[in-house]
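Spelled out, the chains give:
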Amino acid sequence: MFNIPDKNNPFPLNGYNKLCFLKNIIQNPNIIVGDYTYYDDFDDVENFEKNVKYHFDFTGDKLIIGKFCMLASGVKFIMNGANHLTEAISAYPFAIFGHDWQDAMEGKSYPTKGDTVIGNDVWIGHNATIMAGVTIGDGAIIATNATVTRDVAPYTIVGGNPAQLIRKRFSNEVIDLLLEKQWWHWDIAKITQNIQLLTSNDFDKLKTI
């Protein structure tokens, strides 16, 4: 019988409430988080939803985060509600102020880039910013203070503003193997049984699992 961390416990570290399994504290139904993804905040884990910016109900976009992700303090997501008209004469959002400006957007719509999707086993460093509509692939690492404006390939490391490729974590052959195995979808008993493997770089053994 395995002694496995309770995925439904908001605060899995005894006596420490600055780290949480994120799905257990989320209130917004348009933020979807997978099992065992954690958020660590220097001050208060309730800051997470405050850092999902411009996430208005009327935009309908979702923030989707996979399983076993690691999100550091200060991570921010800029959602589609921040978008302005960029191809019109003016980018000013007249309509939101109502009165005689209330019909300014009649027959028009603000641009949207769709849902923001974070894969599985993704590590997002302190104070990184993820822009609307970005997809970050499984196993990617986002460096501290990075601003991610475009999609990030699986198992790559990016950093800077705007974020650029620093390097791939592994060879293409190993990346293909990891994406084939998708260990995060194993049942939790199998993950626990193979915990020593998952914290190693024995890719030959992984092929046999």
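Residues numbered from 1 in each chain as written. Predicted model: local features only at pLDDT ≥ 70, side-chain atom pairs only at ≥ 80, totals over all residues. Heavy atoms only, no water.

Engineer: Just checking my understanding: could you explain the sheet that holds strand S2 (residues 31-33) for this structure?
Structural biologist: Backbone-to-backbone hydrogen bonds join strands into a sheet, with any given pair of strands oriented parallel or antiparallel. In space, the four strands of this open sheet follow the order S2-S5-S8-S11, with parallel pairing throughout. Strand pairing shows two members of the sheet lacking a second neighbour, S2 and strand S11 (135-136), which therefore form its edges. Here strand S5 (residues 63-65) runs beside strand S8 (residues 116-118); their pairing, made up of three bridges, is parallel. In the strand pairing of S8, leucine 63 is matched with threonine 116. (Pairing = 2+ DSSP bridges. Helix = DSSP H or I, 4+ residues; strand = E, 2+ residues; numbered from the N terminus.)

Engineer: I tried to follow the pattern of salt bridges on my own but got confused; where do I start?
Structural biologist: Proximity of charged atoms lets side chains of opposite charge pair with each other. Within the structure shown, the criterion is met by four salt bridges. Two residues, lysine 207 and glutamate 173, come together in a salt bridge whose shortest N-O distance is 3.7 Å. Residue lysine 207 is found in helix H5 (residues 203-207), and its partner glutamate 173 is found in helix H2 (residues 172-181); the two are separated by 34 residues along the sequence. When the shortest N-O distance is used, the salt bridge between aspartate 204 and lysine 207 registers 3.7 Å. Of the two residues, aspartate 204 and lysine 207 both sit in helix H5, three residues apart, roughly one turn of that helix. Counted as one network, the salt bridges with shared partners bring together Lys7, Lys23 and Asp35. (Salt bridge = Lys/Arg side-chain N within 4 Å of Asp/Glu carboxyl O.)

Engineer: Just checking my understanding: could you explain the packing of aromatic side chains for this structure?
Structural biologist: Aromatic ring pairs: the centre-centre distance and the angle between the two ring planes describe each pair. Under the counting rule described, the total for this entry stands at 15 aromatic pairs. Their ring planes at 90 degrees and their centres at 6.4 Å tell us that tyrosine 92 and tryptophan 101 sit as a pair that is edge-to-face. Taking relative accessible area as the criterion, tryptophan 101 reaches 40% and is therefore assigned partly exposed. Geometrically, the ring pair formed by phenylalanine 170 and phenylalanine 203 is edge-to-face, given 5.3 Å between the ring centres and 70 degrees between the ring planes. Note that phenylalanine 170 is positioned in the loop between strand S15 (164-168) and H2 and phenylalanine 203 in helix H5, a separation of 33 residues in sequence. Take phenylalanine 170: its relative accessible area is 24%, and that puts it in the partly exposed class. A connected cluster of aromatic rings, assembled from ring pairs, spans Phe21, Tyr36, Phe68, Trp183 and Trp184. Its guanidinium or amino end placed over the ring of tryptophan 186, lysine 190 lies 4.4 Å from that ring's centre, counting from NZ or CZ. (Phe/Tyr/Trp six-rings, centres within 6.5 Å; stacked < 30°, edge-to-face > 60°. Buried < 20%, exposed > 50% of the residue type's maximum accessible area, 1.4 Å probe, protein only. Lys NZ or Arg CZ within 6 Å of the ring centre and 35° of its normal.)

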